[in-house]
Protein chains: 2
Amino acid sequence: MTHEAGIPLGIKFKLLSDTPQDSAAQVVGDVVVGDYRDLDTLRDFARGCDVITFDHEHVPTEHLRALEADGIPVRPGPDALVHAQDKGVMRARLDAIGVPCPRHRIVSDPADVAAFAAEGDGFPVVLKTVRGGYDGKGVWVVDSVAEAEDPFRAGVPVLAEEKVDYVRELAANVVRSPHGQAVAYPVVESQQVGGVCDTVIAPAPDLDEALALKAEEMALSIAKELGVVGHLAVELFQTRDGRILVNELAMRPHNSGHWTQDGAITSQFANHVRAVLDLPLGDPRPRAPWTVMVNVLGGDYPDMYSAYLHCMARDPQLKIHMYGKDVKPGRKVGHVNTYGDDLDDVLERARHAAGYLRGTITE
Amino acid sequence: MTHEAGIPLGIKFKLLSDTPQDSAAQVVGDVVVGDYRDLDTLRDFARGCDVITFDHEHVPTEHLRALEADGIPVRPGPDALVHAQDKGVMRARLDAIGVPCPRHRIVSDPADVAAFAAEGDGFPVVLKTVRGGYDGKGVWVVDSVAEAEDPFRAGVPVLAEEKVDYVRELAANVVRSPHGQAVAYPVVESQQVGGVCDTVIAPAPDLDEALALKAEEMALSIAKELGVVGHLAVELFQTRDGRILVNELAMRPHNSGHWTQDGAITSQFANHVRAVLDLPLGDPRPRAPWTVMVNVLGGDYPDMYSAYLHCMARDPQLKIHMYGKDVKPGRKVGHVNTYGDDLDDVLERARHAAGYLRGTITE
């Protein structure tokens, strides 16, 4: 999707891909298949690149430092990216700059989890491995000390967090360039199902204007303080008592920003590319009163073709984005965007299409 | 741009390109470099393709028939495409189905041109080689029999046409699928400079509603009668006495439809792909009251980079589309789209950006 956004800008990509079947490898011309965890592979790949960016956060921080030492600009750079790679580093830094987070601390073992619970309102407690989590993986909600053993088995430090009493999840997406220009997209509501993003509504309905502004300012301030270059998604909890707390950070185009492809003047992908290349940023404002994104997950049927035809025929305004992935149950294989003046209609159209593609709606 | 539009649809392209430097070859993954005039090259290329389509009309008609005989779907097919390849065939067919055209006939030599002039209002007369013309090439406006010799030197039949007294040029863009679904984009005004499209305004300002409807119906009818599959651009003259006459046909995404990338719910490129694959077509309606496209031509400076920065910084809403071509004076190297509520503002922004990129505006 970043390549797609780069085409009109005249930007040429070279892609380091795990396999030739990866979504990006299917559409980019210049593809190197290799392991991003191997420094020699990274060094060979980086030769001749003007700048390196990412569509995930898993490239080891020390390898990024090595590339920087070789004179290759890495954006976002390792000093910023480490906050999206390591939840322990992220929490410590957000504390230091005064950004509100759930109560948290690194815990050493199940007994320490019990102590952490006792320091607050007791169980449940959320446990996260500080590295390697994604889409609910690496996250446990535990109700007792007996349940708190699994997270420690990975040999990675474990972060304990209070289970926040939130009314909903929000996301504040911002983009920042090396010369310090920054833009903020409207704050969205993000609805999760089973720890996986399901629906994003832009802008977040019934969000108090002051709270929306506070969330945007918080995201812009985090981008600045952490030296982020490119897209920063700040996932937030809106608490029952009207506060916002930072849940997670992502430093790349993010699922909570996919609505911008069809709903904003400039998409998150275009602005990420513009930021990474230090080009002036594009207007982040919405083009329609409401835009809704719903993820398309794989269902029981590997062939979505007839569903795809049905959805296009049913709703000629529907924007389908497929990733070229094999369909497996529960796997994110695409998303749909809808937009318009009437939120109920926009939501119904997106949910129907995503449900039909997955096979959970058949009429 | 068709590849770009195919990415979200999950469509994979294989490209036959004249050179590795062609715009499309820079962004498509699977590229074969070869000569589209060579049947063996076409046959080798076509093996394994589900369907073949084009971004120009120059593949020889007989080669397309050979591919069809091999069982490869060609869309638009040769029986339709020949009307965009051969202006003589096109005129004869439009006459037969009652579509209004400028007065015309095939002429055999300069004396015959004089006879053609005398049959109507005299000189000037427009002469066109029936094949091979593009962007004003292969077209002569002659004021006397002495000027009428050049067109006959190519050894290609020459079509004479009256010089139409038009107030402006319009274009009606439609898309038709194999199962007979068709959509019509709003009729646009197309402003030419030196025979090359300069500015497109969507929709055409102050166009009588009945005339707009007539133009759309005419384009839909041509698409149906000629069996077009994919995008059809019908270039029209609006005459001083309130008629519309067909100037040219193009059967592919067309410069007069580039505004749809940012100005319509579904772009001409996405709908062309959907038609070629017999997928249901997308909504062709505009997203903004006014959209303006201005072509970016090469100027005296080969490096557009600082102009590109300036334009993005001056207008964060500007949509730039660059083709990755080397800059040569007068060469189409990209286009810009702007949209909004106020036509004067939208026009000014597009013209300023295109002029600045070309180097004709420096403030």
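Residues numbered from 1 in each chain as written. Chains lettered and ligands numbered in written order. Predicted model: local features only at pLDDT ≥ 70, side-chain atom pairs only at ≥ 80, totals over all residues. Heavy atoms only, no water.

Peer 1: Sorry if this is basic, but what is going on with helix α11 (residues 343–358) of chain A here?
Peer 2: Because an α-helix completes one turn every 3.6 residues, residues spaced three or four positions apart along the sequence face the same direction. All names here are of chain A. End to end, α11 covers 22 Å across 16 residues, agreeing with the expected 22 Å (1.5 Å per residue, within 8%). For α11, the set of buried residues is Leu343, Val346, Leu347, Arg349, Ala350, His352, Ala353, Ala354, Gly355, Tyr356 and Leu357. Close packing links the buried residues of α11 with β10 (196–202), β13 (290–297), α10 (305–314) and β15 (332–340). Two or three places before Asp344, at the opening of α11, Asp342 has a side-chain oxygen 3.1 Å from that residue's backbone nitrogen. Downstream of α11 by one or two residues, Gly359 has phi in the positive range, about 100°. (Helix = DSSP H or I, 4+ residues; strand = E, 2+ residues; numbered from the N terminus. Expected span 1.5 Å × (residues − 1). Buried < 20%, exposed > 50% of the residue type's maximum accessible area, 1.4 Å probe, protein only. Contact = heavy atoms within 4.5 Å. Polar contact = N/O pair within 3.5 Å; in protein donor to acceptor, adjacent residues only side chain to side chain.)

Peer 1: Is there a simple way to think about unusual backbone geometry in this case?
Peer 2: Most peptide bonds adopt trans geometry, and most residues besides glycine take a negative phi value. Residues and elements named next belong to chain A. Cis peptide bonds are those with omega within 30 degrees of zero, and the linkage from Arg75 to Pro76 qualifies with 0°. With respect to the helices, strands and loops of the structure, Pro76 is situated in the loop between α3 (61–69) and α4 (78–85). The omega angle of the peptide bond from Ala202 to Pro203 is -10°, so this bond is cis rather than trans. Mapped onto the elements, Pro203 comes out in the loop between β10 and α7 (209–226). A positive phi angle, close to 55°, is found at Asp278, a residue other than glycine. As for its position among the elements, Asp278 is in the loop between α9 (268–276) and β13.

Peer 1: Quick question: what am I supposed to make of the interface of chain B and chain A here?
Peer 2: In many reports, interface size means the accessible area that the parts give up when they come together. If you look at the interface, chain B gives 37 residues, while chain A gives 37 residues. Each partner contributes to the roughly 3,300 Å² buried at the junction of chain B and chain A, and carbon and sulfur atoms together form 53% of this total. The three residues of chain B that bury the most area against chain A are Ile7, Pro8 and Arg287 of chain B, which together make up 18% of that side's buried surface. Our count for the chain B to chain A interface comes out at 0 salt bridges. Secondary-structure elements contributing two or more residues to the side of chain B that touches chain A are α1 (2–6), α10 (305–314) and β14 (319–322) of chain B. Sorting elements by how many residues they give to the side of chain B that touches chain A places α10 of chain B first, with 5 residues. (Buried area = accessible area lost by both parts, 1.4 Å probe. Salt bridge = Lys/Arg side-chain N within 4 Å of Asp/Glu carboxyl O.)

Peer 1: Whenever I open this one, the packing of aromatic side chains confuses me. Can you help?
Peer 2: Aromatic rings in a pair are described by how distant their centres are and how their planes are angled relative to each other. Residues and elements named next belong to chain A. This structure, assessed with the given rule, holds 6 aromatic pairs over all chains. Their ring planes at 35° and their centres at 6.2 Å tell us that Tyr305 and Tyr308 sit as a pair that is tilted. With Tyr305 and Tyr308 both in helix α10 and 3 residues apart, the pair spans about one turn of that helix. For Tyr305, a relative accessible area of 42% puts it in the partly exposed group. A cation over an aromatic ring shows up here: Arg37 above the ring of Tyr36, its NZ or CZ 5.8 Å from the ring centre. (Phe/Tyr/Trp six-rings, centres within 6.5 Å; stacked < 30°, edge-to-face > 60°. Lys NZ or Arg CZ within 6 Å of the ring centre and 35° of its normal.)

Peer 1: Which parts of the structure should I look at to understand the pattern of salt bridges?
Peer 2: Pairing of side chains with opposite charge becomes possible as their charged atoms draw close. All names here are of chain A. Evaluated as defined, the whole model comprises 44 salt bridges over all chains. Here Arg285 and Asp283 are joined by a salt bridge, their closest N and O atoms 2.6 Å apart. Classification of Arg285 by relative accessible area gives partly exposed; the value is 45%. We classify Asp283 as buried; its relative accessible area is 7%.

Peer 1: Hey, could you run me through the UniProt feature "binding site: ATP" (unreviewed entry) in chain A in this one?
Peer 2: Residue and element names in this part refer to chain A. Here, the residues flagged by UniProt with the feature "binding site: ATP" (unreviewed entry) are Lys87, Lys128, Glu161, Glu162, Lys163, Val164, Glu169, Asn247 and Glu248. Topologically, Glu161 is positioned in strand β6 (residues 158–162). Apart from residues no more than four positions distant in its own chain, Glu161 is found in contact with Arg91, Pro102, Arg103, His104, Phe116, Val125, Val126 and Lys128. Here the side chain of Glu161 touches Arg91 through a polar contact of 2.7 Å, side chain to side chain. In this view, Glu169 contacts Val188, Glu189, Ser190, Gln192, Leu236, Phe237 and Asn247; residues no more than four positions away in its chain are not counted. A distance of 3.4 Å separates polar atoms of two side chains, one belonging to Glu169 and the other to Tyr166. (UniProt positions renumbered as here; feature names shortened; annotations may be inferred.)

Peer 1: Just to check I follow, could you spell out the environment of Ile72 of chain B for this structure?
Peer 2: All names here are of chain B. Counting through the fold element by element, Ile72 comes out in the loop between α3 (61–69) and α4 (78–85). Ile72 gets classed as buried once you look at its relative accessible area, which sits at 14%. When the C-alpha atoms of Ile72 and Asp206 are compared, they prove to be 45 Å apart, with 134 residues separating the residues in sequence. Apart from the residues lying within four places of it in its own chain, the contact partners of Ile72 are Ala46, Cys49, Ile52 and Leu67.

Peer 1: Whenever I open this one, the relation of the copies chain B and chain A confuses me. Can you help?
Peer 2: The operation linking the two copies of the chain is a rotation about an axis combined with a translation along the axis. Overlaying chain B on chain A yields an RMSD of 0.0 Å, the required transformation being a rotation through 180° with an accompanying axial translation of 0.0 Å. Both copies are brought into coincidence by an operation consistent with a two-fold rotation axis. Using C-alpha coordinates, one finds that chain B approaches the rotation axis most closely at Gly29 of chain B, a distance of 1.8 Å. The residues that chain B uses at the interface reappear at the interface of chain A in 100% of cases, marking a shared surface. (Least-squares fit on C-alpha atoms with pLDDT ≥ 70 in both.)

Peer 1: Quick question: what am I supposed to make of the domain arrangement of chain A here?
Peer 2: Here chain A is described as being made up of domain 1 (2–85), domain 2 (103–162) and domain 3 (166–358). The centre of domain 2 of chain A, based on its C-alpha atoms, is set 28 Å off from the matching centre of domain 3 of chain A. (Domains from an automatic or database assignment.)

Peer 1: Is there a simple way to think about the sheet that holds strand β5 (residues 139–142) of chain A in this case?
Peer 2: The strands that make up a sheet pair up through hydrogen bonds in the backbone, lying either parallel or antiparallel. Residues and elements named next belong to chain A. If you walk across this open sheet you meet the 4 strands as β3-β6-β4-β5, and the pairing is antiparallel. Both edges of this open sheet fall to β3 (104–107) and β5, since each of them pairs with a single strand only. Averaged over all neighbouring strand pairs, the angle between strand axes comes to 25°, with direction disregarded. As defined by bridge partners, strand β4 (residues 125–129) adjoins β6 across 5 bridges and the pair is classed as antiparallel. Counterpart to Thr129 in the pairing with β6 is Val158. Along the sheet face, helix α6 (residues 110–119) touches β3, β4, β5 and β6 and points at about 160° away from the line of β3. (Pairing = 2+ DSSP bridges. Axes fitted to C-alpha atoms, helices over the stretch in contact; angles between N-to-C directions.)

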